[in-house]
Amino acid sequence: MELILRKAEEKDLDGLDQVMLVISDKAGDRATVKELLQKISEDPQKYLLVAEDKETGAICGSLLGVVFEDICDSCRPILLVENVAVLESYQGKGVGRQMFQEIERWGKEQWNCHYEILVSGMNRTGAHKFYAALGFEEVKGFKKYL
């Protein structure tokens, strides 16, 4: 299967809705997501990536990369990866791996990122195995809802 990896556009809203249902009980509010797409596209430190099936045109995966500054050691920026999702019918076909290769390329080439981080829900054990296969190390982390 051949993929097109690119920045998300407004035309991708329907596909993004479907992909986000992989990791959430409901898609984001349509008007808000539309506004956020515009805002993200204007921020050079953010990359909302979509994976498009070249044959069908379907959006089959997505992730959000955000670069932020670090004020210790080498002071190189950090890449945060969030909202990682691949449609179930595309899982195990290299979509996620290719998305991570693209976001890591962007983080290294555009920003000279020192490392990347992500958070995954405790119950997403399949995703955890995938992240380990990509070279992520499991470390202790904390999350607090505001």
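Residues numbered from 1 in each chain as written. Predicted model: local features only at pLDDT ≥ 70, side-chain atom pairs only at ≥ 80, totals over all residues. Heavy atoms only, no water.

(A) Quick look at the pairing of strand S5 (residues 115-118). The side-chain alternation of S5 yields one buried face, formed by Glu 116 and Leu 118, and one unburied face, formed by Tyr 115 and Ile 117. Taken together, the 4 bridges between strand S4 (residues 78-86) and S5 define a ladder with parallel strand orientation. Directly across from Leu 79, in S5, lies its bridge partner Glu 116. (Buried < 20%, exposed > 50% of the residue type's maximum accessible area, 1.4 Å probe, protein only. Helix = DSSP H or I, 4+ residues; strand = E, 2+ residues; numbered from the N terminus. Pairing = 2+ DSSP bridges.)

(B) Broad picture of a nonpolar patch on the surface. A surface patch of nonpolar side chains, amounting to about 240 Å² of accessible area, comprises Phe 68, Tyr 115 and Ile 117. With respect to the helices, strands and loops of the structure, Tyr 115 is situated in strand S5. (Patch = residues over 30% accessible without salt bridge, like charges linked within 9 Å, V, L, I, M, F, W, Y side chains within 5 Å. Areas by Shrake-Rupley, 256 points an atom, 1.4 Å probe, with all protein chains shown as cover. Salt bridge = Lys/Arg side-chain N within 4 Å of Asp/Glu carboxyl O.)

(C) The nonpolar core, seen in detail. Within the largest apolar cluster, 36 residues are counted, with the highest numbers of intra-cluster contacts made by Leu 63, Val 81, Val 95, Phe 100 and Ile 103. Within the residue set of this core, elements represented by two or more residues are helix H1 (13-20), helix H2 (30-42), strand S2 (46-53), strand S3 (59-68), S4, helix H3 (95-111) and helix H4 (125-133). No other element matches the 6 residues that S3 contributes to this core. In this structure Phe 100 touches Leu 63, Val 81, Val 84, Glu 116, Leu 118, Phe 130, Tyr 131, Leu 134 and Phe 136, once residues within four positions along its chain are discounted. (Core = buried A, V, L, I, M, F, W, Y, C linked by side-chain atoms within 4.5 Å. Contact = heavy atoms within 4.5 Å.)

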